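# Tertiary structure, described
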Amino acid sequence: MDSAFNNLDAEGFLQIWQHFDAEDNGYIEGTELDVFFRHVMKKLGMSVEITDDEVKSMKERIMSAYDIMPDGRLQLHELATMMLPEEENFLLMFRRETPLDNSVEFMRIWRNYDADSSGYISAQELKGFLQDLFLQHKKTLSPHKLDKYTDTMMKMFDKNKDGNLDLNDLARILSLKDNFLLKFNMEACSQEDRRRDFEKIFAHYDVSKTGALEGPEVDGFVKDMMELVTPTISGTDLDKFRKVLLGHCDINGDGKIQKNELALCLGLKYSN
Ligand SMILES: [Ca+2]
Ligand SMILES: [Ca+2]
Ligand SMILES: [Ca+2]
Ligand SMILES: [Ca+2]
């Protein structure tokens, strides 16, 4: 299928997107979605009066052609897949093979591609990420195309247009799932409940099963903890809070957070 959106570029889309995703929660759903598509169709110069049926059929056509919105929500990365040629629909490809439901894996990717540790992903760093993504899928890409895709991605995901992607932007590209910590009641009543929650939480972040949080495991935990309080954090905030957390918790000073250290830090009685 040809792109249905030849008349609208990535920037045009981002503008419309920001208008509809006013709360900035990263998706559009329900009746908002109809209004969104109606608006897009208008922008594309389709008939003056667009009927509900036309909107519905457009929506269905897009859903089946791009295999998106199975949950009835349109996410920004799904919109991006429409902006890129179908044979190189790599965002979708990536999401299927690597469902990213753990902030630890997310932070591993972040640390890897924020090559200069600036706390941001620059266009150049994003290009490195895309290049690796294509390599992983054994696809070759001309430098010209790589430049073009990088540019499109920056236009779609660099919300504040400062030429850098922050944590939130990359989380959208990778369609990172909801914060794991959200499912816990931090004011859980009984000591027993709290201990059980603690076990689950620790197991989730100790991906390597070493009995300690280290490297990106600490990052992932810090990211989710902070985002319970502040919805949008920057890479520099994360580094700061990481330092503070280690300062509090890392009692034996090995740069890792052992299970008992974290328990102590969270005010739990814990013994191995
Ligand atoms: Ca950087
Ligand atoms: Ca930015
Ligand atoms: Ca570990
Ligand atoms: Ca330690």
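If you're wondering where the values come from, they're calculated on a predicted model, not measured in any experiment. (Residues numbered from 1 in each chain as written. Chains lettered and ligands numbered in written order. Predicted model: local features only at pLDDT ≥ 70, side-chain atom pairs only at ≥ 80, totals over all residues. Heavy atoms only, no water.)

### Observations regarding helix H2 (residues 31–43)
Stated formally: Helix and strand definitions here come from DSSP, where helices need a minimum of 4 consecutive H or I residues and strands a minimum of 2 consecutive E residues; each element is numbered from the N-terminal end. Helices are assigned an expected span. That span is 1.5 Å times one less than the residue count. Burial classification: accessible surface area is computed with a 1.4 Å probe over protein chains only, and a residue below 20% of its type maximum counts as buried, one above 50% as exposed, and the rest as partly exposed. The arc in question is the one traced by the directions running from the helix axis out to the C-beta atoms.
Taking 1.5 Å per residue as the helical rise, H2 with its 13 residues ought to reach 18 Å, and the 19 Å between its terminal C-alpha atoms agrees with that figure. Every buried residue of H2 is listed here: Leu33, Phe36, Phe37, Val40 and Met41. Down the axis of H2, the smallest arc covering the buried residues is 135°, so these residues share one side. Turned more than 90 degrees away from the buried face of H2, the exposed residues are Thr31 and Lys42. At the C-terminal side of H2, Gly45 shows a positive phi close to 80°.

### Examining the environment of Ile62
Locating Ile62 in the fold gives a position in helix H3 (residues 52–66). Along the sequence, Ile62 and Met82 sit 20 residues apart, while their C-alpha atoms lie 8.6 Å from each other.

### Observations concerning the state of the cysteines
For clarity, the cut-off: For the purposes of this analysis, a disulfide is any pair of cysteine sulfur atoms at a distance within 2.5 Å.
One pass over the full model with this rule turns up one disulfide. Bridging Cys249 to Cys265, the disulfide has an S-S length of 2.1 Å. Note on the Cys249 and Cys265 pair: the S-S dihedral is about -70°, so by sign convention the disulfide is left-handed. Taken together, the positions of Cys249 in helix H12 (residues 235–249) and Cys265 in helix H13 (residues 259–265) put the pair 16 residues apart, joining distant regions of the chain. The exposure class assigned to Cys249 is buried, which follows from its relative accessible area of 1%. Overall, the relative accessible area of 34% leaves Cys265 in the partly exposed class.

### Concerning the UniProt feature "domain: EF-hand" (unreviewed entry) in the chain
Threshold: UniProt positions are given in the numbering used here, feature names are shortened, and annotations may be inferred rather than shown by experiment.
Here the UniProt-annotated "domain: EF-hand" (unreviewed entry) positions come out as residues 8–43, 101–136, 145–180, 193–228 and 236–272. The straight-line gap between the two end C-alpha atoms of residues 145–180 is 36 Å; of that span, 56% is helix and 6% is strand. Across residues 193–228, the secondary structure splits into 72% helix and 6% strand, with the terminal C-alpha atoms separated by 20 Å.

### Describing the coordination of the calcium ion (ligand 4)
This is how it is decided: Donor atoms are limited to N, O and S found within 2.8 Å of the metal ion, a distance that becomes 3.2 Å for Na, K and Ca. With water left out, some sites might look partial.
Taken together, the protein donors to the calcium ion (ligand 4) comprise Asp250 (OD), Asn252 (OD1), Asp254 (OD), Lys256 (O), Gln258 (OE1), Glu261 (OE) and Glu261 (OE), at separations of 2.3 to 2.6 Å. Sequence spacing of the donor residues for the calcium ion (ligand 4), all on one chain, is D-x1-N-x1-D-x1-K-x1-Q-x2-E. Glu261 gets classed as buried once you look at its relative accessible area, which sits at 5%.

### Observations concerning the environment of Phe202
Let me state the cut-off plainly: By the convention used here, residues are in contact when the closest approach between their heavy atoms is within 4.5 Å.
As for its position among the elements, Phe202 is in helix H10 (residues 191–205). Along the sequence, Phe202 and Phe221 sit 19 residues apart, while their C-alpha atoms lie 9.1 Å from each other. Setting aside residues up to four positions removed in sequence, Phe202 forms contacts with Gly211, Ala212, Leu213, Ile257, Gln258, Lys259 and Leu262.

### Some points on unusual backbone geometry
The residue Ser117 is not glycine, and still its phi comes out positive at about 50°. By the element assignment, Ser117 lies in the loop between helix H6 (103–113) and strand E3 (121–122). In this structure, Lys161 is a non-glycine residue whose phi angle is positive, near 55°. Turning to its location among the elements, Lys161 is positioned in the loop between helix H8 (143–157) and strand E4 (164–165). Given a relative accessible area of 47%, Lys161 falls into the partly exposed group.

### A look at the packing of helix H1 (residues 10–20) against H2
Put simply, the rule reads: Axes here mean lines fitted to C-alpha atoms, for a helix over just the part in contact, with angles spanning 0 to 180 degrees between N-to-C directions. In this scheme, roughly parallel covers angles under 35 degrees and roughly antiparallel covers those over 145, while 65 to 115 is roughly perpendicular and the rest are oblique. Crossing handedness is read from the near helix: turned anticlockwise from the far helix by less than a right angle, it gives a left-handed crossing, and turned clockwise, a right-handed one. Under the scheme applied, nonpolar residues are Ala, Val, Leu, Ile, Met, Phe, Trp, Tyr, Cys and Pro; charged residues are Asp, Glu, Lys and Arg; polar residues are all the others, including Gly.
Look at H1 against H2: their axes get within 11 Å of each other, and the N-to-C directions meet at 150°. Comparing their axes, H2 and H1 come out roughly antiparallel. Judged by the twist between their axes, the crossing of H1 over H2 is right-handed. Counted together, Phe13, Ile16, Trp17 and Phe20 of H1 and Glu32, Val35, Phe36, His39, Val40 and Lys43 of H2 form the full contact between these two elements. Partitioned by chemical class, the residues of the contact of H1 with H2 number seven nonpolar, one polar and two charged.

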